Each structure stands twice: as C-alpha cells, then as structure tokens.
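As a plain string of letters, each chain reads:
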Amino acid sequence: MTIREKGYHQWEGELQTPKTPWMPIFLSGIRMVFKRKFAKLLFITSCLPFVFFLIVIYISTRPELEMFKDAVKFLTDDRMVFDSIMSNGPTIFLLMLMGIFFGSDLISGDIQSRSFPLYFSRPLERKDYLLGKYAILMFYYLLFTLVPGLVLVLFKVIFTGKILFTPRFIAALILTPVLTSIFLASLTLVISSLSGNSKYSRIMLILLFYMATPVTAILSHAFSGQYFFLFGPTSTIKQMSSFLFDAKLAFKYPGWLSLALIVLVSIGSYFFLHRRIGKLEAQIESGN
Amino acid sequence: MDTLIELKNIDFSYSKDKKTIDNVNLGIGKGVFGLLGPNGAGKTTLMKILLGFLTPSSGYGRVLGFDIMKDRKEVRKRIGYMPESDCLMPGMDAVTLTSYLGELSGMPRQEAMKRAHEVLYYVGLEESRYRQVETYSTGMKQRLKLAQALIHDPKLLFLDEPSSGMDPKGRTEMLELIKDIGKKESMNIIISSHLLPDIEATCRHVIIMDKGKIVSQQEVHSQGIERFNRFEIRIKGNTDSFLERLKALDCQISTDDRELHSILIPKDQSSRILFKIAMETGAQIRHFVQSKATLEDTFVNAIGVNHDN
C-alpha cells in the first residue's frame with residue numbers, strides 16, 4: 001500500500017532548536033554556488049595568485065635561482081609578503097567577481113521569488129537569515145584569502161625555516177582576510193537587497209567594485225587629494241591590509257582611516273540589511 | 001489545551017486612514033476551520049497576524065498557548081504555512097527545497113530528506129520531485145507549497161487559498177488531501193478562502209470576515225444558521241413592492257439572472273408570510289420551492305446581499 005493510499009501520516013521525530021538556525025541557509029547556499037555555471041572555472045582562477053606566491057616564495061629560497069632574486073626582493077620582509085598575498089590586485093578582483101556572480105542574487109533572488117514567507121514562517125529571525133547569507137559569501141571569500149594565506153605561512157616556514165612571529169603579524173594574518181570578506185560581503189548583500197532584479201544588482205556591483213577605483217584615482221589626481229582613495233573598495237582594502245601588517249602604505253593618508261571605514265561600513269550594512277529585510281518582508285506580506 | 005487560537009481586541013492597519021483588522025475577538029478550538037470572506041475582508045492579514053508576520057497595533061493573541069508577539073519562534077516551530085502567492089525559490093528541485101525548508105523548521109538533515117520524499121509522494125508529486133520548481137505548473141506549485149507546509153508535521157496548518165489557480169481535477173484532489181489531513185486528531189487546519197465550495201467541502205467550522213471584522217462564526221453543516229428558511233420563488237406582477245416588504249421583515253434576498261429569487265426568511269416567520277405579502281402587494285407567486293440553507297446563504301446573510309464584492 002502506498003503512502004498516499006495510506007493517507008497522511010505523522011512524522012515520528014522531534015524538532016530540534018538549533019543553536020545556529022542559519023546553518024541550513026549557509027549549507028544550501030554553498031552547494032548552490034558550487035553548482036553554478038563558471039563556478040569551478042572561477043575557483044580555479046582564484047587559486048592562481050596562491051600558486052604564484054607559492055612559486056615566488058620557493059624561488060626566494062633557492063640559491064640556484066639567483067637570477068630571479070631581484071624580482072622577489074620584497075620577500076625578505078614577511079609583512080610585505082603577506083600584505084601582498086592578502087590584498088594583491090588580482091585576488092581582490094577575483095573576490096569581487098565572486099560577489100558579482102554568486103552574491104548578486106542572494107537576496108534579490110528571494111525578493112524576486114517572494115520567498116520571505118517561506119523563510120519567516122519557520123523559527124527563523126531576520127538575523128539568522130542574514131547570517132546565513134553572509135556565511136555563504138564569507139565561506140568562499142575566506143577560502144581564497146585566509147586559507148591560502150595560512151598555507152603559505154606553512155610553506156614559508158618549510159622553505160625558509162623562519163617567519164615573523166609577532167602578535168601584530170598574526171592578528172593581521174587573520175584580521176585582514178576576515179575584514180576584507182566581511183566588507184565585500186556587506187557591500188554585495190546591500191546591493192543585492194536593493195532590487196528584485198539580479199541583473200540590476202550585478203550591474204550595480206560591477207560599477208561599485210570596478211568603476212569606483214578608477215573614478216577615485218581620477219578625482220585624486222584632479223584635486224590632488226589622496227583621501228579620495230578611501231571611496232574605492234580596492235584601494236581601501238589595500239590600505240587597510242598595509243596598515244594591519246604594518247607594511248608601507250600605498251596611499252598618503254592614515255591607514256587606520258581605511259580600517260575604520262571598513263568596520264563602519266560593515267556594521268552599518270548589517271543594520272541597513274536588517275531593516276531592509278523587515279521592510280521587504282512587510283511589503284511582500286501586504287501584497288505591495 | 002482546547003483553545004488553539006485566542007485573539008482579543010486585535011487591530012491592524014496598513015495605512016492610517018483604514019483599519020484592515022478591526023477589533024477582532026476570536027477563539028478557535030481543534031478541528032478544521034474555514035476563514036471565509038470577500039476579497040479584502042482581512043482574511044490573509046489575520047492569518048499573517050497569527051503567524052507573527054504582522055504586529056497588531058493593539059490587542060492580544062495566543063496561538064497554541066504562545067503569545068503571537070513575544071513567542072513568535074515557538075509559534076512558528078509548531079505551525080505550517082502554505083502562502084497564497086507564488087513564493088518558491090527557483091534553482092532547486094522539489095526534494096531539495098522541501099527538505100531545506102524542513103531543516104529550517106528544525107528537522108535533522110537526514111530526517112528532513114526522508115520526510116520530503118514522503119510528503120511529496122503524499123501530495124502527488126512523486127514523479128516530478130526531482131524537477132526544478134520553476135518548471136512546475138501552478139497546480140504542481142500549489143501541491144509543493146502544501147508539501148513544504150507539512151514536512152515538519154505541524155500541529156496547526158494555515159492554508160491560504162489552497163486551490164487557487166488549480167484546474168478542476170487538481171482542485172478536487174487538493175480538497176481531498178486537505179480533508180484527509182484534517183482527519184488526523186493531531187492536525188488542526190485553518191483555511192483561508194473566498195471560495196465557498198472549498199470551505200464547505202473541507203471545514204467543520206467557518207469564520208466569516210468582512211471589512212476587517214468577524215461577522216459570523218459557526219459550524220458549516222449543522223447550520224446553526226438555521227435561523228433561516230430558504231425559499232426559491234419566481235414572481236410576476238409587482239415584484240419591487242413585494243421584495244421591499246420582505247426586506248423590511250429582515251429577509252435576505254438574492255436574485256439570479258433568470259429572475260429566480262432566493263429568499264431567506266427568519267425561522268420565527270412562517271412561509272405563509274410570503275403569500276400574505278404577495279396578496280397585499282398584488283404580486284403573483286409562480287414558482288415556490290423550499291430548499292436547504294447553504295453556506296452561501298449564511299455568507300450572504302452575514303456580509304449582506306448588496307456587498308460591493
């Protein structure tokens with residue numbers, strides 16, 4: 001006799017009260033991202049900076065590769081090495097590309113499909129929903145910043161037998177990728193929450209991530225003010241990283257300003273998103 | 001706990017000038033309840049207040065013993081909700097989506113997956129459970145919405161226009177499913193609908209809403225409403241005066257396009273009154289049939305014949 005013929009039957013299990021109600025959103029999200037078109041290609045490409053730095057670290061330790069020594073001279077200073085690893089242009093570019101491809105529809109997709117009632121008829125709060133969405137992006141961002149960074153520390157120790165071991169360096173090693181990821185995830189989710197059209201979100205993200213830096217550079221030159229670089233995500237991340245690693249700053253303004261800006265934008269974004277989701281939920285509920 | 005839902009003096013409005021829910025007092029016990037009313041009566045809004053989606057501007061409410069404003073998580077853990085709107089997330093197949101929503105309800109992953117197969121089978125989506133939900137027809141989406149509401153075996157199920165957009169066969173099957181679920185002692189259902197036959201087919205109790213107020217609450221079939229006798233009559237002659245006189249006696253009258261008048265006469269009045277008035281007004285009764293009062297009569301009586309909707 002089939003279940004349908006038997007009629008509705010009860011579930012014998014017991015519902016749990018999970019400590020991390022956002023976990024199913026996170027796990028489902030990372031699976032969905034991995035299934036996306038171009039995901040694997042983008043992930044492989046994102047490993048290239050790691051491979052490059054691995055080769056460079058290796059070269060710097062081999063006496064027989066003397067001819068390359070000048071090119072990898074900066075590797076004598078661990079702070080500069082890891083500042084470059086964490087905030088080099090190609091890595092930031094690829095992280096932004098991940099935000100555009102995988103993050104642009106994280107909230108806008110739910111707006112478009114009007115699926116908030118399905119989420120919020122469950123024992124799920126707005127903060128859980130947001131944490132789930134943040135976690136998806138953070139997972140991939142950290143996978144291509146923090147993880148390669150820590151692996152390269154290991155290789156550096158293996159190849160050279162030494163590494164700078166100061167509290168600031170260790171803190172920078174963790175804080176730089178974490179803050180970069182939170183910052184980029186915040187910007188991505190804010191833009192994604194602005195529209196139910198994922199294409200629109202994608203265009204907005206392209207403008208924000210890739211157009212802001214050239215515009216700030218033009219403004220900086222036009223008005224001879226380095227502070228304009230604060231408004232470019234790439235330059236801000238670069239400056240924050242150099243500040244945290246205590247390396248040479250890329251721009252002529254205090255590094256803590258970038259750090260403060262990133263922290264403020266990230267916190268502000270969370271509160272904005274919290275309100276925004278509430279508003280969207282109410283709009284959908286009222287049928288507007 | 002016999003009272004599943006208790007609302008006291010609930011008010012809610014989307015705008016300042018008009019109350020969508022106006023001083024609603026309601027007590028709902030176990031069983032299958034229908035929330036009936038014309039479009040814009042406030043059924044869906046009331047349902048969303050019960051779910052904790054909307055916060056009432058005043059009043060107090062409890063669902064399954066939990067405060068609807070303070071214990072939203074506890075309420076939501078124990079309820080299932082089938083929304084009216086198309087709300088399924090694209091990019092997932094039905095099994096993945098249903099089990100995902102089961103996990104969000106607090107089910108362990110493996111249990112959620114197993115149960116997802118069961119409920120999808122139960123609602124009749126066994127053949128297409130691995131298809132992407134965006135390829136589903138409206139009827140299939142309705143079934144899937146029911147499946148996701150059932151996955152965690154809630155104590156209280158809210159169904160908002162469950163047969164909306166379905167073809168006649170699909171609609172019959174959906175109503176059969178609801179009837180079957182409603183047979184379970186442990187499951188209580190509240191169905192919001194503007195379709196009287198749906199409520200009549202599935203519910204034991206009906207709550208009629210109009211303009212944000214509860215205008216009637218009674219059993220569907222016992223016709224506690226049998227405060228009325230129903231007659232179908234056809235008249236020739238001075239029809240207007242005849243009908244006016246009946247209205248003055250608190251009778252409810254509706255007329256179809258074949259000029260057949262359906263008249264609800266209060267129980268304390270005899271059918272003789274019809275003939276008496278006909279004689280006095282010079283109208284001739286050409287057709288006279290006593291019929292059973294239906295839910296439609298109750299509905300018309302509760303919200304008034306001349307309702308805009």
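It should be emphasised that the depicted structure is a prediction, and the values quoted were computed from it without experimental measurement.

Student: Can you walk me through the domain arrangement of chain B in this structure?
Tutor: A common way to state how big an interface is: give the accessible area lost once the parts meet. When cut into domains, chain B gives domain 1 (3-220) and domain 2 (228-292). Taking the mean C-alpha position of each, domain 1 of chain B and domain 2 of chain B sit 40 Å from one another.

Student: What exactly am I supposed to notice about unusual backbone geometry here?
Tutor: The bulk of non-glycine residues show a negative phi, and the bulk of peptide bonds are trans. Residue and element names in this part refer to chain B. The phi dihedral of Asn9 is positive, around 50 degrees, even though this residue is not glycine. Locating Asn9 in the fold gives a position in strand β1 (residues 5-12). On the accessibility criterion, Asn9 (38% relative accessible area) is partly exposed. Residues other than glycine seldom take positive phi values, yet Asn23 does so here, at roughly 50 degrees. As for its position among the elements, Asn23 is in strand β2 (residues 21-28). Asn23 sits in the partly exposed class, given a relative accessible area of 39%.

Student: Explain the sheet that holds strand β14 (residues 283-291) of chain B here, please?
Tutor: Across a sheet, paired strands are connected by hydrogen bonds in the backbone, their directions being either parallel or antiparallel. All names here are of chain B. Spatial ordering of the open sheet is given by β12-β13-β11-β14, a layout of 4 strands whose pairing is antiparallel. Every other strand in the sheet has two partners, leaving β12 (252-255) and β14 as the edge strands with one partner each. Within this sheet the neighbouring strands show an average axis-to-axis angle of 25 degrees, counted without direction. In terms of strand pairing, β12 meets strand β13 (residues 261-266) through 4 bridges, oriented antiparallel. By the bridge assignment for β13, Thr255 is matched with His261. Here helix α9 (residues 272-281) sits on the sheet and contacts β11 (228-237), β13 and β14; the angle it forms with β14, its principal contact strand, is near 165 degrees.

Student: Explanation requested: the sheet that holds strand β10 (residues 213-219) of chain B in the structure shown.
Tutor: All names here are of chain B. In space, the 6 strands of this open sheet follow the order β6-β7-β8-β3-β9-β10, with mixed pairing throughout. Each end of this open sheet is capped by a strand with a single partner; those strands are β6 (79-82) and β10. Geometrically, the sheet is characterised by an average inter-axis angle of 15 degrees between neighbouring strands, direction not taken into account. One ladder, built from 4 bridges, connects β6 with strand β7 (residues 156-160); its direction is parallel. Of the residues in β7, the one forming a bridge with Met82 is Leu159. The strands that helix α6 (residues 168-182) touches are β3 (32-36), β6, β7 and β8 (188-193); relative to β8, the one it contacts most, it runs at about 150 degrees.

Student: I keep staring at α9(B) and nothing clicks. Help me out?
Tutor: Two residues of an α-helix separated by three or four positions point the same way, owing to the 3.6 residues in each turn. Residues and elements named next belong to chain B. Of the residues making up α9, those classed as buried are Ile273, Leu274, Ile277, Ala278 and Thr281. On an axial view of α9, the arc spanned by its buried residues comes to 135 degrees, and they lie on one face. Among the exposed residues of α9, those oriented more than 90 degrees off its buried face are Arg272 and Met279. Residues of α9 that are buried in the fold lie against β11, α8 (239-248), β13 and β14. Among the residues trailing α9, Gly282 stands out with phi positive, at a value near 80 degrees.

Calculation rules
- Residues numbered from 1 in each chain as written.
- Chains lettered and ligands numbered in written order.
- Predicted model: local features only at pLDDT ≥ 70, side-chain atom pairs only at ≥ 80, totals over all residues.
- Heavy atoms only, no water.
- Domains from an automatic or database assignment.
- Helix = DSSP H or I, 4+ residues; strand = E, 2+ residues; numbered from the N terminus.
- Buried < 20%, exposed > 50% of the residue type's maximum accessible area, 1.4 Å probe, protein only.
- Pairing = 2+ DSSP bridges.
- Axes fitted to C-alpha atoms, helices over the stretch in contact; angles between N-to-C directions.
- Contact = heavy atoms within 4.5 Å.
- Arc of directions from axis to C-beta.

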